[in-house]
There are 2 protein chains.
Amino acid sequence: MEKWKLISSKYIHKAPWATLRKDTVELPSGLIKEDYYVLEYPDWVNVVALTQKGEFIMIRQYRHGAQEIMLELPAGVIDPGETPKEAVARELLEETGYSAGSLEPLCQLYPNPASSGNISHSFLAKDCFKTSIQSLDSTEDIEVELLSKQEILELIARNKIPQALHVGPLFYAFKTLEG
Amino acid sequence: MEKWKLISSKYIHKAPWATLRKDTVELPSGLIKEDYYVLEYPDWVNVVALTQKGEFIMIRQYRHGAQEIMLELPAGVIDPGETPKEAVARELLEETGYSAGSLEPLCQLYPNPASSGNISHSFLAKDCFKTSIQSLDSTEDIEVELLSKQEILELIARNKIPQALHVGPLFYAFKTLEG
């Protein structure tokens, strides 16, 4: 199996949160496809974060794509110059006020490799402790919730943590925590 | 916590694979945000499919967003008028040539509820049997691979099934299969 050959690229729209590119590509069969759309995003991070008591630090916020209020992992975008680990420590602190005692990589997942090249880097944070208040952007309204492992397992079983980028890392975290 | 109020919407780009909308929204704080971008997609499906011998029916194909060849679940888009279950049976047959003995829902996951409202519907197909050859679009080049449960577990542990929309349903499937 071979990769496709990129012939040319043209930007349809460029904005901080929506950069849309149209690629002309040549397939291994020789077929030319003139309109393969790619969305360019920076890499993202999220974190399965546990307090010193073993509670999961989750957040609740409104998500306008789905038009729903959702329970999710602390998460965000890697800023220019940051490593994924630096970005996730910053996002955890900004969104929840917690700092991590330890922070280790869990997995790296593509949100959608058909249309984007970016990766979401997931971490496991243990022994988190409250060090500050939240530090939110003007458009952010985030509630922090501490949940037990049993509560998280029940929410997953009931499909109430319905984000692909968040439920995968939670399963990875359970595997890691079970040793 | 309240949802945002939609003030107006404007389409930036409309194409079968890339419809980009710019919303003006009012936040509960009263703040007006004039450029919240939303990508509109149809709902998707994918399937954790097992043969009568208990092998996992996986596919390998090139993904141009990531520019990588990847191992993944059979998956696709729900066509107009189809139920998720009809779509997943069709995609399984087209991409692999297998029909399912039984087909039950596993989970529903948002690919990215921040920027899109669409859902990926995941199913568990058991007792699958080969009924035809593949039926692929001109741009599709898909290799079918049958893998054991142990091989899938090792690939997940090594982060070699790196798609958020596929690894979550695999974890759900293991939970279901373990009873």
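None of these values were measured; they are calculated from a predicted model. Counting starts from 1 at the beginning of each chain's written sequence and moves along it residue by residue. Chains and ligands are labelled by the order in which they are written, letters from A for the one and numbers from 1 for the other. Two thresholds apply to this predicted model, a pLDDT of at least 70 for residue-level local features and 80 or more for giving and counting side-chain atom pairs, whereas whole-chain, interface and lining totals are computed over all residues. Hydrogen atoms and water are omitted, and side-chain values are computed over all heavy atoms in the structure.

### Some points on the pattern of salt bridges
By definition, a salt bridge exists where a carboxyl oxygen of Asp or Glu is found within 4 Å of a side-chain nitrogen of Lys or Arg. Across all of its chains, the model carries 20 salt bridges over all chains by this definition. The partner of D79 of chain B in a salt bridge is R90 of chain B, with the nearest N and O atoms 3.4 Å apart. Of this pair, D79 of chain B sits in the loop between β7 (75–77) and α1 (84–96) while R90 of chain B is found in helix α1, placing the two residues eleven residues apart along the sequence. Through salt bridges with shared partners, a single network forms among D79, E82, R90, E91 and E94 of chain A. Every helix listed is a DSSP run of H or I at least four residues long, and every strand listed is a run of E at least two residues long, numbered separately from the N terminus.

### Remarks on the relation of the copies chain B and chain A
Alignment of copies: least-squares fit on C-alpha atoms of residues with pLDDT of at least 70 in both copies. When chain B is fitted to chain A, the residual RMSD is 0.0 Å, and the transformation amounts to a turn of 180 degrees plus an axial shift of 0.0 Å. The transformation relating the two chain copies, once decomposed into turn and shift, fits a two-fold axis. The C-alpha atom lying nearest the rotation axis in chain B is that of G168 of chain B; the distance is 2.3 Å. Most of the interface of chain B is mirrored in chain A: 100% of its interface residues are interface residues there too. Between two residues, a contact is recorded if the distance between any of their heavy atoms is within 4.5 Å.

### Digging into unusual backbone geometry
Negative phi values dominate among residues other than glycine, just as trans dominates among peptide bonds. Residues and elements named next belong to chain A. One non-glycine residue with positive phi stands out, namely D127, at about 55 degrees. Turning to its location among the elements, D127 is positioned in strand β10 (residues 120–130). Given the relative accessible area of 42%, D127 is considered partly exposed. Notably, N159 is not glycine yet its phi reads approximately 60 degrees, a positive angle. Inspection of the secondary structure assignment puts N159 in the loop between α2 (149–157) and α3 (164–178). Only protein chains enter the accessibility calculation, which uses a 1.4 Å probe; a residue is then buried when its area is under 20% of its type maximum, exposed when over 50%, and partly exposed in between.

### Here's the deal with the interface of chain B and chain A
A common way to state how big an interface is: give the accessible area lost once the parts meet. Listed by partner, the interface residues are 63 residues for chain B and 63 residues for chain A. Interface area for chain B against chain A, summed over the two sides, is near 5,400 Å², with a carbon-plus-sulfur share of 67%. By buried area we mean how much accessible surface two parts lose on assembly, using a 1.4 Å probe and totalling the loss over both. Of all residues in chain B, M1, H64 and F171 of chain B give up the largest surface area on contact with chain A, accounting jointly for 14% of the area buried on that side. Taken together, the links from chain B to chain A amount to zero salt bridges. N or O atoms within 3.5 Å of each other form a polar contact, as long as, within protein, one can give a hydrogen and the other can take it, and as long as residues adjacent in sequence are counted only when both atoms are side-chain atoms. There are 20 residue pairs in polar contact (both at pLDDT 80 or more) connecting chain B and chain A. Looking at the side of chain B that touches chain A, the elements that each hand over two or more residues are β1 (5–13), β2 (19–26), β3 (32–40), β5 (56–63), β6 (68–72), β9 (102–109), α2 (149–157) and α3 (164–177) of chain B. Split into classes, the residues belonging to the side of chain B that touches chain A amount to 37 nonpolar, 15 polar and eleven charged. Just so you know the grouping, Ala, Val, Leu, Ile, Met, Phe, Trp, Tyr, Cys and Pro go in nonpolar, Asp, Glu, Lys and Arg go in charged, and all remaining residues, Gly too, go in polar.

### With respect to the sheet that holds β3 of chain B
Residues and elements named next belong to chain B. Within the open sheet, the three strands sit side by side as β1-β2-β3. Their pairing is antiparallel. The open sheet has two free edges, formed respectively by β1 and β3, since each of these has just one partner strand. Pairwise comparison of adjacent strand axes, ignoring direction, gives a mean angle of 25 degrees for this sheet. Pairs of strands are assigned from DSSP output, requiring at least two bridges between the strands. Examined bridge by bridge, β2 and β3 share seven bridges and lie antiparallel to one another. For K22, the partnering residue across the bridge sits in β3 and is Y37. Note on method: axes are straight lines fitted to C-alpha atoms, helices fitted across the in-contact stretch only, with angles between N-to-C directions ranging 0 to 180 degrees.

### What to know about the UniProt feature "domain: Nudix hydrolase" (unreviewed entry) in chain A
When the UniProt feature table is mapped onto this chain numbering, "domain: Nudix hydrolase" (unreviewed entry) sits at residues 40–169 of chain A. The span residues 40–169 of chain A carries 22% helix and 39% strand; its end-to-end C-alpha distance comes to 23 Å. UniProt positions are given in the numbering used here, feature names are shortened, and annotations may be inferred rather than shown by experiment.

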